[in-house]
Amino acid sequence: MQDSANSLTMDGYSSNVPAFLTKLWTLVEDPETNHLICWSTNGTSFHVFDQGRFAKEVLPKYFKHNNMASFVRQLNMYGFRKVVNIEQGGLVKPERDDTEFQHLYFLQGHEHLLEHIKRKVGTEFQLHLLF
Amino acid sequence: MQDSANSLTMDGYSSNVPAFLTKLWTLVEDPETNHLICWSTNGTSFHVFDQGRFAKEVLPKYFKHNNMASFVRQLNMYGFRKVVNIEQGGLVKPERDDTEFQHLYFLQGHEHLLEHIKRKVGTEFQLHLLF
Amino acid sequence: MQDSANSLTMDGYSSNVPAFLTKLWTLVEDPETNHLICWSTNGTSFHVFDQGRFAKEVLPKYFKHNNMASFVRQLNMYGFRKVVNIEQGGLVKPERDDTEFQHLYFLQGHEHLLEHIKRKVGTEFQLHLLF
DNA sequence: GGCGTTCTAGAATATTCGTGG
DNA sequence: ACCACGAATATTCTAGAACGC
């Protein structure tokens with residue numbers, strides 16, 4: 001697993017996509033883990049089922065941690081937003097443990113769009129940006 | 001449960017409508033619960049019949065509580081007003097348990113108007129509003 | 001389960017301790033759930049084992065959610081700090097899923113100290129604090 | 001210097017309780 | 001007695017900050 005930002009993808013071409021995004025893409029695509037993380041039906045978002053198992057079983061295979069919270073922090077750093085379903089949120093919880101995230105440029109079948117997903121920079125006054 | 005403003009509705013398009021309003025809309029529209037909550041005849045208000053059953057059976061499917069009072073508090077937070085019936089006041093109470101609420105922008109057949117319904121903010125001097 | 005701040009505790013005396021703190025105390029004390037949440041050996045902190053099971057099995061019995069993240073947010077709101085263990089960080093994962101939190105006034109055998117734990121208020125200029 | 005991981009906080013809505021017109 | 005609202009806590013989603021690499 002490549003950790004560098006300037007890496008060779010599995011397809012063999014050079015890219016400037018951060019490791020998190022290529023790993024996320026691989027994760028969502030991988031049919032072996034579709035029961036824990038997979039594309040939504042229309043391919044415009046992805047679902048994580050059973051956060052606990054996902055965190056403990058899948059995350060450490062790609063990242064240096066096994067915490068859902070760290071995974072979510074990265075998603076937000078890259079501009080992903082949680083998709084809220086009104087089905088959730090009741091006192092009664094018939095639904096399975098289902099978390100959904102979406103990004104304008106994270107679309108099934110359009111891997112090249114990953115290059116448009118940018119990591120957010122700190123909001124602290126960036127002196128170096130003036131020069 | 002995030003009841004955030006940036007959510008995808010069940011129709012799959014992005015909206016800025018708070019969860020309470022989309023849930024309320026769904027609730028009133030749902031034919032399954034028309035005996036407990038439904039549109040008025042002309043579609044300019046909605047009725048709740050049998051507060052007790054509505055609170056215990058319907059509310060917990062969408063909200064994290066089963067109290068009519070909490071539901072009403074939210075309605076007021078969003079500017080809904082109770083429609084007062086003349087029939088009140090008699091010692092006898094022949095009428096069925098019927099509560100009616102109304103809002104200028106809550107109209108049957110005009111879901112897009114939900115975006116005009118604004119939640120009230122605290123009255124405690126909002127510093128950020130000055131900038 | 002009492003949710004009010006001004007409630008009668010199980011011991012029967014009145015208190016001004018927020019529901020979160022009394023629930024947390026009950027949770028940690030309860031021997032039934034010691035395998036998921038319990039006091040540390042010296043009683044100055046508490047441990048949560050197996051976040052996933054704790055969140056899904058224990059939290060909803062006391063709170064209106066089943067998310068570890070919401071539980072942690074409340075802990076931080078009340079000034080609890082995570083106790084960091086040296087053992088963390090290895091790629092190998094010999095240790096069990098163990099999360100530890102501590103607060104100066106959360107001490108086994110001293111329930112009355114809960115009254116000194118204060119919830120943090122918003123940082124947005126609190127006008128009423130000037131009067 | 002940008003990226004990754006962790007812990008804590010910000011901000012908006014949600015739920016509860018009480019009070020005043 | 002009723003209805004609208006203030007205020008405090010609770011829940012959720014996102015961001016700040018510190019640190020290491």
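About the thresholds
- Residues numbered from 1 in each chain as written.
- Chains lettered and ligands numbered in written order.
- Predicted model: local features only at pLDDT ≥ 70, side-chain atom pairs only at ≥ 80, totals over all residues.
- Heavy atoms only, no water.
- UniProt positions renumbered as here; feature names shortened; annotations may be inferred.
- Least-squares fit on C-alpha atoms with pLDDT ≥ 70 in both.
- Helix = DSSP H or I, 4+ residues; strand = E, 2+ residues; numbered from the N terminus.
- Phe/Tyr/Trp six-rings, centres within 6.5 Å; stacked < 30°, edge-to-face > 60°.
- Buried < 20%, exposed > 50% of the residue type's maximum accessible area, 1.4 Å probe, protein only.
- Lys NZ or Arg CZ within 6 Å of the ring centre and 35° of its normal.
- Near = heavy atom within 4 Å.
- Polar contact = N/O pair within 3.5 Å; in protein donor to acceptor, adjacent residues only side chain to side chain.
- Nonpolar A, V, L, I, M, F, W, Y, C, P; charged D, E, K, R; others polar.
- Contact = heavy atoms within 4.5 Å.
- Buried area = accessible area lost by both parts, 1.4 Å probe.
- Salt bridge = Lys/Arg side-chain N within 4 Å of Asp/Glu carboxyl O.
- Axes fitted to C-alpha atoms, helices over the stretch in contact; angles between N-to-C directions.
- Parallel < 35°, antiparallel > 145°, perpendicular 65-115°, else oblique.
- Left-handed = near helix turned anticlockwise from the far one by under 90°.
- Pairing = 2+ DSSP bridges.

- Going by an unreviewed UniProt entry, chain A carries the name HSF-type DNA-binding domain-containing protein and comes from Crocodylus porosus.
- Chain A has a UniProt comment under Subcellular location (unreviewed entry) that states "Nucleus".
- Regarding chain A, the relevant UniProt record gives this comment under Sequence similarities (unreviewed entry): "Belongs to the HSF family."

### Some points on the relation of the copies chain C and chain A
- Overlaying chain C on chain A yields an RMSD of 0.1 Å, the required transformation being a rotation through 180 degrees with an accompanying axial translation of 0.1 Å. In the structure described here, the two chain copies are related by an operation that fits a two-fold rotation axis. No C-alpha of chain C approaches the rotation axis more nearly than that of Gly52 of chain C, which lies at 2.4 Å.

### Quick word on the environment of Ala19 of chain B
- Turning to its location among the elements, Ala19 of chain B is positioned in helix H1 (residues 19-29).
- A sequence separation of 44 residues divides Ala19 of chain B from Phe63 of chain B, and the C-alpha atoms of the two residues are 9.8 Å apart.

### Regarding the packing of aromatic side chains
- Evaluated as defined, the whole model comprises 36 aromatic pairs over all chains.
- Both rings, one in Phe46 of chain B and one in Phe101 of chain B, keep their centres 6.1 Å apart while their planes meet at 25 degrees; by these two values the pair is stacked. Placement of Phe46 of chain B in strand E4 (residues 45-49) and of Phe101 of chain B in strand E6 (residues 98-102) is noted, with a sequence separation of 55 residues between them.
- Judged by its relative accessible area of 0%, Phe46 of chain B falls in the buried class.
- By the ring-pair criterion, three or more aromatic residues cluster together here, those being Trp25, Trp39, Phe46, Phe80, Phe101 and Phe106 of chain A.
- Against the face of Phe49 of chain A rests Arg96 of chain A, its NZ or CZ located 3.8 Å from the ring centre.

### A short note on the protein's contact with DNA strand D
- Taken together, 32 residues surround DNA strand D, and among them Ser70 and Tyr78 of chain A together with Asn67, Ser70 and Tyr78 of chain B come closest.
- Restricting the count to atoms of DNA strand D within 4 Å of the protein gives a sugar and phosphate share of 72%.
- Lys64 of chain C has a polar side-chain atom sitting 3.3 Å from a phosphate oxygen of DNA strand D.
- Elements represented by at least two residues in the surface near DNA strand D include exactly helix H1 (19-29) and helix H3 (68-77) of chain A, H1 and helix H3 (68-77) of chain B together with helix H3 (68-77) and strand E5 (81-82) of chain C.
- Class assignment for the residues of the surface near DNA strand D results in 9 nonpolar, 10 polar and 13 charged.

### Looking at the interface of chain C and chain A
- Across the contact, 6 residues belong to chain C and 7 residues belong to chain A.
- Of the roughly 530 Å² buried between chain C and chain A on both sides combined, carbon and sulfur atoms contribute 52%.
- Counting across the interface, chain C meets chain A through 2 salt bridges.
- Ionic pairing is found between Asp97 of chain C and Lys56 of chain A, a salt bridge with its closest N-O pair at 3.4 Å.
- On the surface where chain C and chain A come into contact, there are 1 residue pair in polar contact (both at pLDDT 80 or more).
- Residue composition of the side of chain C that touches chain A, grouped by class: 1 nonpolar, 1 polar and 4 charged.

### Re the packing of H1 of chain A against helix H2 (residues 51-62) of chain A
Residues and elements named next belong to chain A.
- Where H1 meets H2, the axes come as close as 10 Å, and the angle between the chain directions of the two elements is 130 degrees. Considering the angle they form, H1 stands oblique to H2. As for the relative orientation of H1 and H2, their crossing is right-handed in sense. When H1 is examined against H2, the residues Lys23, Thr26 and Leu27 are found in contact with a partner set consisting of Phe54, Val58 and Tyr62.

### Side note on the sheet that holds strand E5 (residues 81-82) of chain A
All names here are of chain A.
- Spatial strand order, E3-E4-E6-E5: 4 strands in an open sheet with antiparallel pairing. On the outer flanks of this sheet lie strand E3 (37-39) and E5, each paired with one strand and no other.
- Note that strand E4 (residues 45-49) and strand E6 (residues 98-102) share 5 bridges and pair antiparallel. The residue bridging Phe49 from the neighbouring strand is Asp98, located in E6.
- Relative to E3, H1 is tilted by about 85 degrees, and along the sheet it contacts E3 and E4.
- Relative to the sheet, H3 contacts E4 and E6, its axis offset from that of E4 by approximately 170 degrees.

### Section: the environment of Thr44 of chain C
Residue and element names in this part refer to chain C.
- Positionally, Thr44 belongs in the loop between strand E3 (37-39) and strand E4 (45-49).
- Under the relative-accessibility criterion, Thr44 is labelled partly exposed at 34%.
- For the pair formed by Thr44 and Gly109, sequence separation is 65 residues and the distance between their alpha carbons is 9.9 Å.
- Excluding residues within four positions of it along the chain, Thr44 makes contact with Gln102, Phe106 and Leu107.
- There is a polar contact of 2.8 Å between the side chain of Thr44 and the side chain of Asn42.

### A word on the sheet that holds strand E6 (residues 98-102) of chain C
All names here are of chain C.
- The 4 strands lie next to each other as E3-E4-E6-E5, forming an open sheet whose pairing is antiparallel. The open sheet terminates on both sides in strands that have one partner only, identified here as E3 and E5.
- The sheet contacts of helix H1 (residues 19-29) involve E3 and E4, and relative to E3 the element is tilted by about 85 degrees.
- The sheet contacts of H3 involve E4 and E6, and relative to E4 the element is tilted by about 170 degrees.

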